[in-house]
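Structural overview
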Number of protein chains: 2
Amino acid sequence: MAEAAARRRGRGGGGAARRAERTAIRIETAKYIERNIPNFEILTEEALEIIETNAETVLEEIGVNFVNNPGALALWRDAGADVEGERVRIPRGLARKLCETAPSSYVQHARNPDKNVVIGGKTLVCAPVYGPPFVRDAAGGRRYATMEDFRNFVKLGYMSKYLHHSGGTVCEPTDVPVNKRHMDMLLAHMTLSDKPFMGSVTEPSRAQDSVEMCEILFGKDFVQDNTVMTSLININSPMTFDDVMMGALEVYARNNQACIVSPFIVGGAMAPVSVAGTLTQVLAEVLAGIAYSQLVRPGAPVIFGAFVTSIDMNSGAPTFGTPEASQILYGAGQLARRLNLPFRSGGGLCGSKLPDAQAAYETAHTLNAALLGGVNFMLHACGWLEGGLVSSYEKFVMDADQLGVLHKMAEGVPVDVNAQALDAIAEVGPGGHYLGCAHTQANFKTAFWRTELLDYKPFETWEEEGARDTQALASARVAHLLNSYQQPALDPGIAQALQEYVERKKASMPDAFM
Amino acid sequence: MAEAAARRRGRGGGGAARRAERTAIRIETAKYIERNIPNFEILTEEALEIIETNAETVLEEIGVNFVNNPGALALWRDAGADVEGERVRIPRGLARKLCETAPSSYVQHARNPDKNVVIGGKTLVCAPVYGPPFVRDAAGGRRYATMEDFRNFVKLGYMSKYLHHSGGTVCEPTDVPVNKRHMDMLLAHMTLSDKPFMGSVTEPSRAQDSVEMCEILFGKDFVQDNTVMTSLININSPMTFDDVMMGALEVYARNNQACIVSPFIVGGAMAPVSVAGTLTQVLAEVLAGIAYSQLVRPGAPVIFGAFVTSIDMNSGAPTFGTPEASQILYGAGQLARRLNLPFRSGGGLCGSKLPDAQAAYETAHTLNAALLGGVNFMLHACGWLEGGLVSSYEKFVMDADQLGVLHKMAEGVPVDVNAQALDAIAEVGPGGHYLGCAHTQANFKTAFWRTELLDYKPFETWEEEGARDTQALASARVAHLLNSYQQPALDPGIAQALQEYVERKKASMPDAFM
């Protein structure tokens, strides 16, 4: 880390960078969560063994499809799988064996080394919403997302204390051609924030562009030796690995960059309607996907992903924050830990159209499950609305505030002499009160988590100030954060090189909007 | 149960009751929750032992006050405590020993035996909000609660599938004299609902009235042999047991009726600012209170209560749904289970003024903690708003819907052959979909929990229908439930006797409003 920082300072324009650093507002970012609490384990040992046995049966007898990808089929054949057309049947135990070379945790480096994150073990790293084509705010309503929105969300993420990661497609900038927007998105993450980020996965060539832009930002050698991106590789459930996603995974794995290998499942549609059946399929898919990543490059960092929700059998709509989704999250966490792999699931998921009570109920259910279920990387931790169709400005800051609750919960319960507070109980005695006692005075500043958003005011004050609901408070906070945003310092030489790369590359290809 | 039903049918007016039963709409009430999932245990064995040792130290060295209660002091003295003035110091181990006669679980009988509840062990019984002087709805805003509001909330509770218990003071009917309102409240629970309910605790004489009304409803012998009320006895934290609350507890214990013995703590004001210190005080208080109940009548049913929240050190306001409150809930649950006692905590607690996102985040945190923390009796499970100052019509039905999430979560994850769904995975195969497969067709009706309130509609439909937020949907549901309410059948002779008791008793005393 020190080495990386020194290298970056050494690469041109150091004086300007130092001057910029001196004038910058210091933005506080909490360290990623390290749990000092146990995981909640919903499945018994017997249930886990049944699911693991069945997942191996699925891989051996049914198999998975690697579509339009002769290279993958060759790798599988060489590894001992039974390949028939695009169908790959994996002998019992082989996929699990191949997964053993994947690291149990890894460091993702940020350009600001203070914001490096460890993903795996007892950590929880929070990243914002990913993928919505729409945005919403109270003033402007729901509309297609633009590059300006994208930059705003990156800025909000940079300013959010409890968000450890800048994420990836915080919204789809639909005003930029689809074959060029990945570069504008990466440029925004690299220049408007100093937190770690994700690479493009929509084409293998765009994954390659992502690697090349990281080589400019971090230095070429540094990227080959270190993980500087964690990117999202979705499996086409059930049990289909398409060439676009696998092509991106191949680029990242070869470059030692991390991938989340993640079934994307609406239970009842892309997986069985039962929790145990869905977990079986999730495990089979992840085993196949991660095994493949290790065939491409043994030791490549990967995350066991599980994006699972259920379906409303009346309307066919996907639903979020449901009890079945929580059960699957808890179960998938156990399965991931038994593979000794980092685990991705959860997020501020909801189906509501507005940042209202429904949104918050559903979000809180999922956030709690993610914390207690041992999630290591939580995409969609803030800003997700309407089943992922919308990035909500207000919900972004609402959820980001709630992530503070998770940080405090994860600290667990200290029982040192100060925490025992026996002196305070003796000092105050029956019928007294603790507000003025020595122990309270010494500890009150750090004793309780405190919101930066929600309303704790007396009723009369709240009414005088306009009787604002959470959305109204959040609108005000969004405006405040965007108005007070200051860009983090970046070596001007690097900034210029990134800009030139993007301009040259964009000029070299026609616009495409599909 | 059959015996009780037979007795009630035998007591006059059976024909009329049967006629009434034939015309009544059947209201569905879910059975109380029986957990098929583990508890979340946040405290280590070492931490538990430290807290237990310290609580005994508090009882032995500092002691508790029994105020204005010579009878209690005499009982304590006889039991071996060191009594000095009103201070009772309890030798190490004595309180815990006395608690051993309290049952680990008990049945609370309802007048409809199908709605009896078991409180203790792996069960969770949900009861509505208790105590607010105000009500709020979207149309009428915030206002003082009246007896009409009270009746409305009892009706809503009766109609709520996932609410097992009618509760007690669902709001304070401020338009009825304070010395008479307990009878109107009990009459409402007894006649407008057939679910179990709570008795009055505001004066020992009112507890006695509650017992007498139950003797009319259930029969005198039945009440002596069975528990038909669970009532809320708050401790004046820190460590003070006042004569009013203890007087009510004495009445209930002598009559074999259940009490929740519950510290009411705003952490930082009535207990130390630390979680471990607060748990120490909670345990000391509950040990003293439950031990006292067992001195009054060994074997009297009691619940280990813990109503604990924290304080906003900036404004002094109590805060809800905070991580510290969840940690205390989890820890208190562990302490209660080590005493082999039923546990009360949790609820739909929040500080928000409106049924908005803040209310829902805070509520969901507490509901999740209550489910995973092993709560057996959850007061305030629905309708709580503004730190308990307000009973909210909309939030009542919003929270009541969320209780369905807890029911489904608690079922755990079946792994029988049907749940394993291997046939479905084989039938569908890579790239297929599950919507039409045999397993989905056979299971979809019961596979997923489904809201009766929240929005799962496509965006366009939702917009056409008025783009309603959760509060607006809840307002509509409140109106629908109250409009379709039908009173459950009750033997007319009993109804008349209850009415006459209340009228006679009210006529015998002057109005009092304090």
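Here is what the cut-offs are and how they apply
- Residues numbered from 1 in each chain as written.
- Chains lettered and ligands numbered in written order.
- Predicted model: local features only at pLDDT ≥ 70, side-chain atom pairs only at ≥ 80, totals over all residues.
- Heavy atoms only, no water.
- Helix = DSSP H or I, 4+ residues; strand = E, 2+ residues; numbered from the N terminus.
- Rg over C-alpha atoms; globule rule 2.2 N^0.38 Å.
- Buried < 20%, exposed > 50% of the residue type's maximum accessible area, 1.4 Å probe, protein only.
- Expected span 1.5 Å × (residues − 1).
- Contact = heavy atoms within 4.5 Å.
- Polar contact = N/O pair within 3.5 Å; in protein donor to acceptor, adjacent residues only side chain to side chain.
- Buried area = accessible area lost by both parts, 1.4 Å probe.
- Nonpolar A, V, L, I, M, F, W, Y, C, P; charged D, E, K, R; others polar.
- Axes fitted to C-alpha atoms, helices over the stretch in contact; angles between N-to-C directions.
- Parallel < 35°, antiparallel > 145°, perpendicular 65-115°, else oblique.
- Left-handed = near helix turned anticlockwise from the far one by under 90°.
- Pairing = 2+ DSSP bridges.
- Phe/Tyr/Trp six-rings, centres within 6.5 Å; stacked < 30°, edge-to-face > 60°.
- Lys NZ or Arg CZ within 6 Å of the ring centre and 35° of its normal.
- pLDDT = per-residue confidence, 0-100.
- Core = buried A, V, L, I, M, F, W, Y, C linked by side-chain atoms within 4.5 Å.
- Salt bridge = Lys/Arg side-chain N within 4 Å of Asp/Glu carboxyl O.
- Least-squares fit on C-alpha atoms with pLDDT ≥ 70 in both.

Observations regarding the overall build of chain A
Per the secondary structure count, chain A includes 20 helices and 19 strands. Relative to its length of 514 residues, chain A is compact, with a C-alpha radius of gyration of 24 Å against a globular reference of 24 Å. Across its three principal axes, chain A shows a C-alpha extent of roughly 75 × 60 × 45 Å. Burial status across chain A gives 65% buried among its 514 residues.

Regarding helix H10 (residues 243-254) of chain A
The periodicity of an α-helix, 3.6 residues per turn, causes residues three or four places apart in sequence to face the same way. Residue and element names in this part refer to chain A. Its 12 residues give H10 an end-to-end C-alpha distance of 16 Å, which sits within 8% of 16 Å, the value for a rise of 1.5 Å per residue. Within H10, nine of the 12 residues are buried, which leaves the element mostly enclosed by the surrounding structure. Listed in full, the buried residues belonging to H10 are Met 245, Met 246, Gly 247, Ala 248, Leu 249, Glu 250, Val 251, Tyr 252 and Ala 253. Next to the buried residues of H10 lie strand E2 (64-66), helix H8 (204-218), strand E10 (230-235), strand E11 (240-241), strand E12 (258-267) and helix H11 (275-296). Sitting at the amino-terminal end of H10 is Asp 242, which places a side-chain oxygen 3.0 Å from the backbone nitrogen of Val 244. A positive backbone phi angle near 65° is found at Asn 256, which sits one or two residues after H10.

Focus: unusual backbone geometry
For the peptide bond that leads from A:Ser237 to A:Pro238, omega is 0°, which places it in the cis range. Locating A:Pro238 in the fold gives a position in the loop between E10 and E11. Phi is positive for B:Asn256, which is not a glycine, with a value near 65°. Structurally, the position occupied by B:Asn256 is in the loop between helix H10 (243-254) and strand E12 (258-267).

Quick notes on the environment of A:Phe241
Structurally, A:Phe241 is set in strand E11. Not counting chain neighbours up to four residues away, the residues in contact with A:Phe241 comprise A:Val64, A:Asn65, A:Phe66, A:Val67, A:Ile235, A:Met246, A:Glu285, A:Ala288 and A:Gly289.

Description of the interface of chain B and chain A
Opposite the 105 residues of chain B that make contact, chain A presents 106 residues. Across the interface of chain B and chain A, roughly 9,100 Å² is buried in total on both sides, 70% from carbon and sulfur atoms. When the buried area of chain B at its contact with chain A is split by residue, B:Tyr361, B:Pro430 and B:Phe448 rank highest and sum to 9% of it. Ranked by residues supplied to the side of chain B that touches chain A, first place goes to helix H13 (residues 357-372) of chain B with 10 residues. Here the side of chain B that touches chain A is composed, by residue class, of 56 nonpolar, 32 polar and 17 charged.

Quick word on the packing of helix H6 (residues 147-159) of chain A against helix H7 (residues 181-192) of chain A
Residues and elements named next belong to chain A. With their axes 10 Å apart at the nearest point, H6 and H7 run at an angle of 30° to one another. Accordingly, the angle class assigned to the pair H6 and H7 is roughly parallel. Pair H6 / H7 crosses with right-handed handedness. Across from Met 147, Phe 150, Arg 151, Val 154, Lys 155 and Tyr 158 in H6, the residues of H7 making contact are Asp 184, Met 185, Ala 188, His 189 and Leu 192. Partitioned by chemical class, the residues of the contact of H6 with H7 number seven nonpolar, one polar and three charged.

Focus: the sheet that holds E11(A)
Overall, mixed pairing links the four strands, which are arranged E3-E4-E2-E11 (chain A) in an open sheet. Here the strands that pair on one side only, and so sit at the sheet edges, are strand E3 (82-84) and E11 of chain A.

Notes on the packing of aromatic side chains
A full pass over the atoms with the stated rule returns 28 aromatic pairs over all chains. An aromatic cluster is defined as three or more aromatic residues linked by ring pairs; in this entry it consists of A:Phe66, A:Trp76, A:Phe241 and A:Tyr292. The lysine or arginine in question, A:Arg142, covers the ring of A:Phe134, its NZ or CZ lying 4.0 Å from the ring centre. A cation sits over an aromatic face here: B:Arg142 above A:Phe459, 3.6 Å from the ring centre.

Some points on the environment of A:Glu49
Its location among the elements puts A:Glu49 in helix H3 (residues 45-62). Taking the C-alpha atoms as reference points, A:Glu49 and A:Leu335, separated by 286 residues in sequence, lie 9.6 Å from one another.

A closer look at the side chain of A:Ser326
Inspection of the secondary structure assignment puts A:Ser326 in helix H12 (residues 323-338). Not counting residues up to four positions away in its chain, the partners in contact with A:Ser326 are A:His365, A:Ala369 and B:Met409.

Describing the pairing of strand E14 (residues 307-311) of chain A
Residue and element names in this part refer to chain A. With five of five residues buried, E14 is to be regarded as a mostly interior element. Alignment of E12 against E14, held across four bridges, turns out to be parallel. Its bridge partner being in E14, Gly 267 is matched across the sheet by Ser 310. Note: E14 against strand E15 (residues 318-319), two bridges, orientation antiparallel. Directly across from Ile 311, in E15, lies its bridge partner Pro 318. The turn joining E14 and E15, which pair antiparallel and follow one another in sequence, is formed by six residues; a positive phi near 80° is taken by Gly 316.

Some points on the confidence of the model for chain A
The predicted model of chain A has a mean per-residue pLDDT of 94, with 95% of residues at 70 or higher. Low pLDDT (under 50) marks residues 1-13 of chain A, which in the prediction has 22 contacts with non-local residues, meaning those over four places away or in another chain.

Considering the sheet that holds strand E9 (residues 141-144) of chain A
Residue and element names in this part refer to chain A. Reading across the sheet, the four strands line up as E9-E8-E19-E18 and stay open at both edges, with mixed pairing between neighbours. Taken across any chain shown, the strands that pair with only one partner, and hence form the sheet edges, are E9 and strand E18 (384-385). Sheet analysis places E18 next to strand E19 (residues 390-392), joined by two bridges and oriented antiparallel. Within E19, the position partnered with Trp 384 by the bridge is Ser 391.

Observations concerning the side chain of B:His109
Residue and element names in this part refer to chain B. For His 109, the location among the structural elements is in the loop between strand E5 (105-108) and strand E6 (117-120). In this structure His 109 comes out as buried when scored by relative accessible area, which is 9%. At 3.3 Å, the side chain of His 109 forms a polar contact with the side chain of Asn 116. Among the polar contacts made by the side chain of His 109, one reaches the side chain of Asn 226 at a distance of 3.3 Å.

Some details on the nonpolar core
Ranked by internal contacts, the top residues of the largest apolar core, which has 335 residues, are A:Trp76, A:Phe304, B:Trp76 and B:Phe304. Sequence-distant contacts of B:Trp76, defined by excluding residues within four places in its chain, comprise B:Phe66, B:Ala81, B:Val83, B:Val88, B:Ile90, B:Leu98, B:Ala288, B:Ala291, B:Tyr292 and B:Leu295.

Considerations on the pattern of salt bridges
Tallied over the full model, the rule gives 54 salt bridges over all chains. A:Glu52 is paired through a salt bridge with A:Arg96; the nearest N and O atoms lie 3.7 Å apart. Here A:Arg96 lies in helix H5 (residues 94-99) and A:Glu52 lies in helix H3, a separation of 44 residues in the sequence. Of the residues examined, A:Glu52 reaches a relative accessible area of 12% and is grouped as buried. Salt-bridge contacts for B:Lys353 lead to A:Asp455; the nearest nitrogen and oxygen are separated by 2.5 Å. Of the two residues, B:Lys353 sits in the loop between strand E16 (343-344) and H13 while A:Asp455 sits in the loop between helix H17 (438-447) and helix H18 (459-464), which places them in two different chains. Here A:Asp455 falls in the buried class, since its relative accessible area comes to 6%. Because the salt bridges share partners, they merge into one network encompassing A:Glu45, A:Glu52, A:Glu56, A:Arg96 and A:Arg338.

Brief notes about the relation of the copies chain B and chain A
Note on the chain copies: they are related by a rotation about an axis and a translation along it. Under the fitted operation, chain B is carried onto chain A by 0.0 Å of movement along the axis and a turn of 180°, and the coordinates agree to an RMSD of 0.0 Å. The transformation relating the two chain copies, once decomposed into turn and shift, fits a two-fold axis. Residue B:Ala357, judged by its C-alpha, is the member of chain B lying nearest the rotation axis, at 2.1 Å. A high fraction, 100%, of the interface residues of chain B reappear at the interface in chain A, so the copies pair face to face through one surface.

Some points on the pairing of E5(B)
When a strand is regular, its side chains alternate between the sheet's two faces. Residue and element names in this part refer to chain B. Residues of E5 alternate between two faces, with Tyr 106 and Gln 108 buried on one and Ser 105 and Val 107 left unburied on the opposite face. Across four bridges, E5 lies against E6 in antiparallel orientation. What sits directly across from Val 107, in E6, is Val 118.

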